[in-house]
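One-letter residues, chain by chain:
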Amino acid sequence: MARAVSTRRKAGYTIAAWIIGLAIFFPILWTIVTSFKTEAEAISSPPSFMFFQWTTENYSTVMERSNYFRHFWNSVVISLGSTVLGLIIAIPAAWSMAFVPAKHTKNVLMWMLSTKMLPPVGVLIPIYLIFRDVGLLDTKTGLVIVLTLINLPIIVWMLYTYFKEIPGEILEASRMDGASLRDEIIYVLTPMAVPGIASTLLLNVILAWNEAFWTLNLTAAKAAPLTAFIASYSSPEGLFYAKLSAASTMAIAPILILGWFSQKQLVRGLTFGAVK
Amino acid sequence: MTKTTRALMGATALCGMAALAQAETLTIATVNNGDMIRMQELSSAFTEMHPEIELDWVTLEENVLRQRVTTDIATRGGQYDVLTIGTYEVPIWANQGWLVALDDLPEDYDVDDLLPSIRAGLSVDGTLYAVPFYGESSMVMYRTDLAEAAGIEFPEAPTWDFIKEAAAAMTDKENEVYGVCMRGKAGWGENTAFITSMANSYGARWFDENWMPQFDSEAWQTAFSDYLMLQNEYGAPGSANNGFNENLALFQQGKCGMWIDATVAASFVTNPDDSTVADKVGFALAPDNGLGKRGNWLWAWSLGIPAGTDAEDAAKTFVAWATSKEYAELVAENEGWANVPPGTRTSLYENPAYLEAADFAEMTLESINAADPQNPTVDPVPYTGIQFVAIPEFQGIGTAVGQQFAAALAGQKSAEEALQAAQDLTMQEMKAGGYIQ
């Protein structure tokens, strides 16, 4: 009996999980389906989900009108660059906070997090002026720096949480074996925290890939990533929903594929230390 | 390969590199709409004529573009050489010294051919600061078949009372046909633009001559009550969320008896590829109340050049080409006369080929000519602009007031409460801006 209840409960959880999963994924699915409609079908009411004349015309129009690969390359450089730079800064920072905490470490961590509470538009003009003066407007370097800075608190916090789970005695033992600080971080700490570092990396690549405030405001033609590519298909005066959907699908496809292949790593990292 | 051949090839390569080095790149910020996209596609004709100029396009959604170019021009960031801006920005930016005066355009540009109201909207003290790419006003688009079935004959210049009667007669909610579709979505360029234009024809105004807000006036009460009545009784469900695109979709699917909106929509609703009612659309001037002002607005997407650009001459060459008569002919040659950017030049409306291709041409011209941005209201005002007030604070105030209007339409507050809130917040902002004590 107990087994039957358990199986029923399990089935219930599975169905609930599928319903929630599909509900979360539905907007993306709808965007993908709309991208294969004509503009007239995209606005038809009631909308058709599967039974319409499928067309790839929107994709060819988008490819013809925009330089997708330039935007894609900019997104790759900006998201990977900012994440790697962030990790280089955050790993030693998180190490010191986790293993050699000072009196005000907790306060420093809270202060770092508090910088995320500031609305970005509040610092737009000062950053814009600094970038103008140092020639960083519309450059990938400039965006790598800004995205590193805005994501750094999250990277440090995530790594700090993972590092706290690693027994300090192991690092102590490596020091007793004569390892330098550099060796300790590179050869002992980092391999043990790989799941945490990998999930931090993936999460930050996704955050940087989707960041739309700074990437739209600090770029023009040369460094504009895929967020600008999507924005170019939005129009308050004219119905371009199908083309906008095609552009959105092309912009999210790389990150969806990356997320699909790395989901195990991502989940493992995000639940690292959750169950003891 | 002989030495001579090698030398010649080397010289050719060097010449090529030199030519590339000399090419000047213009970065053009623009919006995503049919006419602007067409300009991008046809711009190869310009670069063929001017190989020394390269074009780099930055296309953005209207609000993103506005925020982006405002930041850039206010900080003199120098990211763009040509800006797509509207009649709201031009007078404000020109007064700040942010735009290059376009008073030395070539003679064959024929600046006197520009429609007078559009030219006035883009000029400050008689000097042109941007050239119009396309211009629009607003008008009534109606279903001729529904009007006929309801026994209504549309006059060329209807009144608001007529609109109320026609809306009542054409509404058939059981068959999802709504008498009148109007903007309800909050935003200074959405419901605020529509309601402000409508209120102008009721004798209302945003400010008196001393910049005192006037939302507590009787004219505003009447105009806003009529707007709410039309939307609630004869409008589409959920109209508080409907802007231009949503109403365009409704009209194209045959769900609106009338749609009062931008003249530029005429080419969309009469396009058989997208519209199910393409051959059943009639046009009339925006309604009035017999007070001398119609409820139509004036807008022109225009090309301006930011002061401080290092490519001023090339930018002038480009904006002159993109808004010239020759460009109109180029569009006609490639896409047909109906697709020529409307509302900028008198000569276009004297062209029989255009008049034949565009049924809506005459009404568009009349609507634009009926708009007077210098004297937008029945009573005198200290500002210019019809559906907006040309002051820097208006984007913020207009959106906040639009939210109050939308809240009343959604039934969250009464008309009186919404107008009172609009009065209070406008008063507060005008005091903060130093317009009033």
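Keep in mind that this is a model prediction, so the values were computed, not measured.

**Some thoughts on the overall build of chain A**
Consideration 1: Scanning chain A for helices and strands turns up 14 helices and 0 strands.
Consideration 2: Overall, chain A shows an N-to-C arrangement of helices and strands of α-α-α-α-α-α-α-α-α-α-α-α-α-α.
Consideration 3: Along the first, second and third principal axes, the C-alpha set of chain A runs to 75 × 70 × 30 Å.
Consideration 4: Of all 276 residues assigned to chain A, the portion counted as buried reaches 35%.
Consideration 5: A separation threshold of at least 6 residues defines the contact pool for chain A, and within that pool the share at least 24 residues apart is 79%.

**Looking at the overall build of chain B**
Consideration 1: Within chain B, the regular secondary structure consists of 18 helices and 10 strands.
Consideration 2: The globule rule puts the C-alpha radius of gyration for 437 residues at 22 Å, and the 24 Å found for chain B is close to it.
Consideration 3: Oriented by its inertia axes, the alpha-carbon framework of chain B measures out at about 85 × 55 × 35 Å.
Consideration 4: Split into buried and exposed, the 437 residues of chain B put 51% on the buried side.

**Structural notes on the interface of chain A and chain B**
Consideration 1: Contacts between the two partners involve 27 residues from chain A and, on the opposite side, 27 residues from chain B.
Consideration 2: Among the secondary structure elements, those contributing two or more residues to the side of chain A that touches chain B are helix 2 (39-42), helix 6 (124-134) and helix 11 (213-217) of chain A.
Consideration 3: If one sorts the elements of the side of chain A that touches chain B by residue count, helix 6 of chain A sits on top with 5 residues.
Consideration 4: By residue class, the composition of the side of chain A that touches chain B is 15 nonpolar, 7 polar and 5 charged.

**Topic: the nonpolar core**
Nonpolar side chains in soluble globular proteins tend to be buried together.
Consideration 1: Residues Ala94(A), Leu159(A), Val82(B), Met141(B), Val180(B) and Met258(B) are the most contacted members of the largest nonpolar core, which totals 193 residues.
Consideration 2: Of the residues forming this core, the biggest block, 13 residues, is contributed by helix 7 (residues 140-164) of chain A.
Consideration 3: Counting residues domain by domain, this core receives three or more from each of domain 1 (3-135 + 298-357) and domain 2 (137-297 + 374-432) of chain B.
Consideration 4: For Met258(B), the residues in contact, after removing those within four places along its chain, are Val140(B), Met141(B), Tyr142(B), Ile163(B), Ala166(B), Ala167(B), Met170(B), Gly179(B) and Val180(B).

**Some points on the pairing of strand 3 (residues 82-85) of chain B**
Residue and element names in this part refer to chain B.
Consideration 1: Residues Val-82 and Thr-84 point to one face of strand 3 and Leu-83 and Ile-85 to the other, with burial holding for every one of them.
Consideration 2: Both strand 3 and strand 10 (residues 298-304) contribute to a ladder of 3 bridges, which runs antiparallel. Counterpart to Ile-85 in the pairing with strand 10 is Ser-302.

**Looking at the confidence of the model for chain A**
Consideration 1: For chain A, per-residue confidence averages 89 on the pLDDT scale, and 95% of positions sit at 70 or higher.
Consideration 2: The least confident element of chain A is helix 14 (residues 263-270) of chain A, whose mean pLDDT is 74; the most confident is helix 4 (residues 68-99) of chain A, at 95.

**Re the environment of Val156(A)**
Residue and element names in this part refer to chain A.
Consideration 1: Tracing the backbone through its elements, the reader meets Val-156 in helix 7.
Consideration 2: Residue class for Val-156 comes out buried when judged on the 22 C-beta atoms lying within 10 Å of it.
Consideration 3: Once the C-alpha coordinates of Val-156 and Leu-113 are considered, the two residues, 43 residues apart in sequence, prove to be 9.4 Å apart.
Consideration 4: Those residues in contact with Val-156, other than ones at most four positions away along the chain, are Ala-90, Ala-93, Ala-94 and Met-112.

**Quick word on helix 17 (residues 394-409) of chain B**
Helical geometry note: an α-helix holds 3.6 residues per turn, so side chains three or four residues apart project in the same direction.
All names here are of chain B.
Consideration 1: Look at helix 17: 22 Å from first C-alpha to last across 16 residues, which is about the 22 Å you get at 1.5 Å a residue.
Consideration 2: Considered for burial, the residues of helix 17 that qualify are Phe-394, Gln-395, Ile-397, Gly-398, Val-401, Gly-402, Gln-404, Phe-405, Ala-406, Ala-408 and Leu-409.
Consideration 3: Where the residues of helix 17 are buried, they touch helix 9 (191-201), helix 10 (218-234) and helix 18 (415-432).
Consideration 4: In the stretch just after helix 17, Gly-411 is the one whose phi turns positive, near 85°.

**Points about the UniProt feature "domain: ABC transmembrane type-1" (unreviewed entry) in chain A**
Consideration 1: Per the UniProt record, the feature "domain: ABC transmembrane type-1" (unreviewed entry) sits at residues 72-262 of chain A.
Consideration 2: The distance separating the terminal C-alpha atoms of residues 72-262 of chain A is 20 Å; by composition the span is 75% helix and 0% strand.

**Focus: the UniProt feature "transmembrane region" (unreviewed entry) in chain A**
Consideration 1: Those places that UniProt annotates as "transmembrane region" (unreviewed entry) correspond, in this numbering, to residues 12-33, 72-96, 108-131, 143-163, 184-209 and 240-261 of chain A.
Consideration 2: From the first C-alpha to the last, residues 184-209 of chain A spans 32 Å; its make-up is 96% helix and 0% strand.

**With respect to the domain arrangement of chain B**
All names here are of chain B.
Consideration 1: The domain boundaries assigned to chain B delineate domain 1 (3-135 + 298-357) and domain 2 (137-297 + 374-432).
Consideration 2: One C-alpha centre belongs to domain 1, the other to domain 2, and the line joining them spans 31 Å.
Consideration 3: At the interface, 10 residues of domain 1 touch 12 residues of domain 2.
Consideration 4: Mapped by element, the contributors of at least two residues to the side of domain 1 that touches domain 2 are helix 5 (89-95) and strand 10.
Consideration 5: Across the side of domain 1 that touches domain 2, the residue classes tally to 9 nonpolar, 1 polar and no charged.

**Let's talk about the packing of helix 7 of chain A against helix 10 (residues 194-210) of chain A**
Two packed helices can be described by the angle between their axes and the distance between those axes.
Residue and element names in this part refer to chain A.
Consideration 1: Put simply, helix 7 and helix 10 touch, their axes get as near as 10 Å, and they point 155° apart. Classified by the angle their axes make, helix 7 and helix 10 are roughly antiparallel. For the pair helix 7 and helix 10, the sense of crossing is right-handed. Contact residues: Leu-147, Asn-151, Ile-154, Ile-155, Met-158, Leu-159 and Tyr-162 in helix 7; Gly-196, Ile-197, Thr-200, Asn-204, Leu-207 and Ala-208 in helix 10.
Consideration 2: Tallied by class, residues from the contact of helix 7 with helix 10 come to 9 nonpolar, 4 polar and no charged.

Cut-offs and rules
Residues numbered from 1 in each chain as written. Chains lettered and ligands numbered in written order. Predicted model: local features only at pLDDT ≥ 70, side-chain atom pairs only at ≥ 80, totals over all residues. Helix = DSSP H or I, 4+ residues; strand = E, 2+ residues; numbered from the N terminus. Buried ≥ 20, exposed ≤ 12 C-beta atoms within 10 Å, placed from the backbone. Contact = placed C-beta atoms within 7 Å. Rg over C-alpha atoms; globule rule 2.2 N^0.38 Å. Nonpolar A, V, L, I, M, F, W, Y, C, P; charged D, E, K, R; others polar. Core = buried A, V, L, I, M, F, W, Y, C linked by C-beta atoms within 7 Å. Domains from an automatic or database assignment. Pairing = 2+ DSSP bridges. pLDDT = per-residue confidence, 0-100. Expected span 1.5 Å × (residues − 1). UniProt positions renumbered as here; feature names shortened; annotations may be inferred. Axes fitted to C-alpha atoms, helices over the stretch in contact; angles between N-to-C directions. Parallel < 35°, antiparallel > 145°, perpendicular 65-115°, else oblique. Left-handed = near helix turned anticlockwise from the far one by under 90°.

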